[in-house]
Amino acid sequence: MSMPLRETPTEVRELSYAEAIRDGLAVAMERDERVILMGEDIGVYGGAFQVSGDLVQRFGEDRVVDTPISELGGAGIAVGAALTGLRPVYEFQFSDFATLAMEQIVNQAAKLRFMLGGAVSVPLVMRFPAGSGTGAAAQHSQSLEAWFGHVPGLKVCQAATPYDAKGLLLAALEDPDPVMLFEHKLLYKTKGPVPEGHYTVPIGQAHLCRRGGDVTIVATAVMVHRALAAADKLAEEGIEAEVIDLRTIRPLDRKTVVESVAKTSRLMVVYEGVKTLGIGAEVSAMIAESEAFDYLDAPIVRLGGAEAPIPYNPDLEKAAVPQEPDILEAARSLVRGRL
Amino acid sequence: MPVEVIMPKVDMDMTRGRVAAWHVEEGAAVATGDPLFDIETDKAAMEVESPASGRLHHIRAAAGAEVAIGTAIAWIYAEGEAVCDPPAADTAATVPAQIGSPEDTAEPMAAQHPRPSDALSSSVEKARATPQARRLARESGLTLNVIEGSGPRGRIGGADVEAHLLRNEGAAAETTQGWQAEAGSLVVHRAGSGKRTPILLIHGFAADADGWQKLEPYLAPDHPRLKLELPGHGRSPKRPVESFRGLARMVVEAFDREDLPGAHLVGHSLGGALALALADVRPKRIASLSLLAPAGLGPEIDGRILSGVARAGRKDSLAPWLRELVHNGTLISGDYVAAAMRARQDPALRAYQRDLAETLFPDSTQSVDLLAALERLQVPTQIVWGRADRVVPWKQALRAPGRVALHLLREVGHLPQIETPEDLAPLLNNLIRLAELDRPPMTLDAKGVAL
């Protein structure tokens, strides 16, 4: 991987996405005693998706704190802890439950720096297991990242790889303001190279995963992998797709996307959140407002989630979000001038 | 979103087509590639395949109807997709539309589908074109209504503008039979207002004076810059060249016309060889000589790259050759290629340069050897070469006499003035400064003879 490393790590191992986050949490807790973990069942149970695992054994119950089943209460304690100088990492069991904690996130964490004239900051990290594909139905499968992306004062990231999951977590812990980390549940078991020790992936920097001249596919989270798989098949048909993993949706990396679209003249945005008023709308509008506008040679295409709650039925669940064949077909139509 | 079925353009002269028969009925299922309808033109009859899978709706041109090419004559909805209101009648269509199934209107998501009728509401006068096409047309001085669009509903895309330009170029090339000989002196562009001995810059094969743009801001500002353009390059006339010697004579002639008391010479590639030849015949007027990846020091040259650049008639074919010129191909941006192609838009200029390459570098060999001139030369001289030069190998520099300073730049290809102007300029400025320490700025005596 070509990402800049802040400190030279010693060794690169294959870790799963969940292990990479756990590794990042342990590295941060060893380096900085202000780092504490909070969340429901993150202690002996190890977290709803086994991300915190054995951290309670390694760092003790003072630093790995099981909070009561009240997201509003837990988030409030986390905001307070951050205000006192700690570096809390609050885990939601499912990102869907963040709806219960919106008051603390949106009205408190995001705004206190501004309302108190910069006298305080809220160095809070929140982790949100998100997305569909696990058969968990409408209340446990949403992709709500765009909601948070609409709030000034928050930063919002979506790592697609184990490397980025750890690097963005460590970058978030160095950030003076609240950072929301959305982790797609289908990615937790995916593996990838992860260096030992401390390194960061800069917040606000997209990753150009694949170069190509025919169409720019901007994707997030699990869609990055579907876009890359589609790009391989497109290459066999003579279509070279450029794939950009946004990694951060607020603030957006305007430069990387604009430069790519100016080169390829075609843009497709693939994301799992509901299509309307989402990441695709923002990226499309950004391009329409940019110097890349004059280079567009086809309508912009958005592939997003259906305008419906995620269904329980596995076939319908699949149909409700973009899949690899959808990306393939849309890219073909786009490049071959059928749109 | 429903896919339009369009009256295609199946031969060059076709402007309208007649639907001979439909193979699929209104509302029936159809798969991509299935025979959908037959068309007849003045010249031919042919079968048109379905552009999509789904169900056919809103057939607007019944068998026998004749419509303009690019007109939507039906729509294919994905299986289960809500069928919108029928498209509004359009002047191009001759048959009233049939009505989609009415029960679909209760579908809550139907409102989100763009209706075909929205897509058809634009006026006839306003050309339908992508921003890319509009930009390309603007840059080429074309109006959109002369360009034929191949996209949905006749939309003009970037490729249509490029195809139009190409066709016109092809036509131009036919009438000029390649290129026509022109007369006149070579063009010398002046820049900068310094009072010291000017710097004369001579570009390489298939380049022009604009190729110095990246370097110029770094050059010592107290020396005015004179940028010579070789015949059939940039704005210079296409004077026939029979040999390197003939080309060198034109450069000397241009130099003499400028009537300079003296000059610092900077020549790149072929321009390096010409600078050396100029210094050889006007040694007293040359204050210093900087040769960038010069030709003339050895037999090897990659004629494949040179003729590739000279031949390329469009951006796609030019870009790979331009990337061969540099070490780091990402330097060659789309904008750079576009600008280079604009400079090479004249097919006669390209034909001229192809012939010139054949004259100067037959069979990938440099037909001229200037080592003897370099041996004779007494002025302060340096050679700057990129170690990653794929056009002329830098090892030819080792043939230079020991008096000549040699700078070999790492990770630089054949275009140091573009790849690393900030590193190149100090080398040029230093030699100019040193040469003037050695010898006062050149002046003319009362008779106009260089001292």
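Structure: above.
Criteria and thresholds
Residues numbered from 1 in each chain as written. Chains lettered and ligands numbered in written order. Predicted model: local features only at pLDDT ≥ 70, side-chain atom pairs only at ≥ 80, totals over all residues. Heavy atoms only, no water. 1 Å grid on protein atoms, 1.4 Å probe; cavity = no way out; pocket = protein on both sides within 12 Å on 5 of 7 lines; lining within 4 Å. Points joined across faces, edges and corners; volume = space filled by probe spheres on them. Helix = DSSP H or I, 4+ residues; strand = E, 2+ residues; numbered from the N terminus. Nonpolar A, V, L, I, M, F, W, Y, C, P; charged D, E, K, R; others polar. Domains from an automatic or database assignment. Axes fitted to C-alpha atoms, helices over the stretch in contact; angles between N-to-C directions. Parallel < 35°, antiparallel > 145°, perpendicular 65-115°, else oblique. Left-handed = near helix turned anticlockwise from the far one by under 90°. Contact = heavy atoms within 4.5 Å. Buried < 20%, exposed > 50% of the residue type's maximum accessible area, 1.4 Å probe, protein only. Pairing = 2+ DSSP bridges. Right-handed = clockwise from strand over helix to strand, strands pointing away. Phe/Tyr/Trp six-rings, centres within 6.5 Å; stacked < 30°, edge-to-face > 60°. Salt bridge = Lys/Arg side-chain N within 4 Å of Asp/Glu carboxyl O. Buried area = accessible area lost by both parts, 1.4 Å probe. Polar contact = N/O pair within 3.5 Å; in protein donor to acceptor, adjacent residues only side chain to side chain.

Scanning the model with the defined rule gives four cavities of 30 Å³ or more in all. Approximately 250 Å³ is the volume attributed to the largest cavity. Considering the residues around the largest cavity, the lining is formed by 15 residues, among which Glu 162, Leu 165, Lys 315, Met 341 and Gln 345 of chain B are closest to the centre. Among the secondary structure elements, those contributing two or more residues to the lining of the largest cavity are helix H2 (131–140), helix H3 (158–176) and helix H8 (334–343) of chain B. No other element matches H3 of chain B, which puts five residues into the lining of the largest cavity. Broken down by class, the residue content of the lining of the largest cavity amounts to six nonpolar, three polar and six charged. Mapped onto the domain boundaries, the lining of the largest cavity takes at least three residues apiece from domain 2 (131–176) and domain 3 (188–438) of chain B. Roughly 70 Å³ of volume is contained in the second largest cavity. In this structure, the second largest cavity is lined by Tyr 17, Ile 21, Arg 127, Cys 157, Gln 158, Ala 159, Ala 165, Leu 168, Leu 169, Leu 181, Phe 182 and Glu 183 of chain A. Of the residues contributing to the lining of the second largest cavity, the split by class is nine nonpolar, one polar and two charged.

Let's shift gears to the packing of helix H8 (residues 222–236) of chain A against helix H12 (residues 324–335) of chain A. Residue and element names in this part refer to chain A. Where H8 meets H12, the axes come as close as 9 Å, and the angle between the chain directions of the two elements is 50 degrees. Between H8 and H12, the angle falls in the class oblique. As H8 runs across H12, the sense of the crossing is right-handed. Of the residues in H12, those in contact with Arg 226, Ala 227, Ala 229, Ala 230, Lys 233 and Leu 234 of H8 are Glu 324, Ile 327, Leu 328, Ala 331 and Arg 332. Split into classes, the residues belonging to the contact of H8 with H12 amount to seven nonpolar, no polar and four charged.

All names here are of chain A. Burial analysis of strand E10 (residues 215–219) places five of its five residues in the buried class, the great majority of the element. Across five bridges, E10 lies against strand E11 (residues 241–245) in parallel orientation. The residue of E11 that forms the bridge with Val 215 is Ala 241. Running through H8, the crossover from E10 to the neighbouring parallel element E11 is right-handed.

Once that is clear, we can look at the packing of aromatic side chains. All names here are of chain A. Evaluated as defined, the whole model comprises twelve aromatic pairs over all chains. The interplanar angle of 75 degrees and the centroid separation of 5.3 Å between the aromatic rings of Phe 49 and Phe 94 together place this pair among those described as edge-to-face. Residue Phe 49 is found in the loop between strand E2 (35–39) and helix H2 (55–59), and its partner Phe 94 is found in the loop between strand E4 (87–91) and helix H4 (102–109); the two are separated by 45 residues along the sequence. A relative accessible area of 16% places Phe 94 in the buried class.

Note on sheets: strands pair through backbone hydrogen bonds, and any given pair is parallel or antiparallel. Residues and elements named next belong to chain B. Spatial ordering of the open sheet is given by E1-E8-E6-E3, a layout of four strands whose pairing is antiparallel. Edge positions in the open sheet fall to strand E1 (3–6) and strand E3 (29–30), since each of these has one partner strand only. Pairing analysis gives three bridges linking strand E6 (residues 54–57) to strand E8 (residues 72–77), with the strands arranged antiparallel. By the bridge assignment for E8, His 57 is matched with Trp 75.

It is worth spelling out the pattern of salt bridges at this point. Following the criterion strictly, the structure yields 41 salt bridges over all chains and no others. With a closest N to O distance of 2.7 Å, Arg 113 of chain A and Asp 177 of chain A form a salt bridge. In this pair, Arg 113 of chain A sits in helix H5 (residues 112–115) while Asp 177 of chain A sits in the loop between helix H7 (162–174) and strand E7 (179–184), placing the two residues 64 residues apart along the sequence. Overall, Asp 177 of chain A belongs to the buried group, its relative accessible area being 13%. Between Arg 239 of chain B and Glu 253 of chain B there is a salt bridge; the shortest N-O distance is 3.0 Å. Here Glu 253 of chain B lies in helix H4 (residues 244–258) and Arg 239 of chain B lies in the loop between strand E11 (225–228) and H4, a separation of 14 residues in the sequence. Several salt bridges converge on common partners, so that one network encompasses Arg 113, Lys 155, Asp 175 and Asp 177 of chain A.

A separate point is the interface of chain B and chain A. The interface is formed by 16 residues belonging to chain B together with twelve residues belonging to chain A. Of all residues in chain B, Pro 131, Gln 132 and Arg 135 of chain B give up the largest surface area on contact with chain A, accounting jointly for 40% of the area buried on that side. Run the count over chain B and chain A and you get one salt bridge. The residue Arg 138 of chain B makes a salt bridge to Asp 294 of chain A at a minimum N-O spacing of 3.5 Å. Here chain B is connected to chain A by eight residue pairs in polar contact (both at pLDDT 80 or more). Looking at the side of chain B that touches chain A, the elements with two or more residues in it are H2 and H3 of chain B. Among the elements that make up the side of chain B that touches chain A, the one with the highest residue count is H2 of chain B (five residues). Grouping the constituent residues of the side of chain B that touches chain A by class yields six nonpolar, six polar and four charged.

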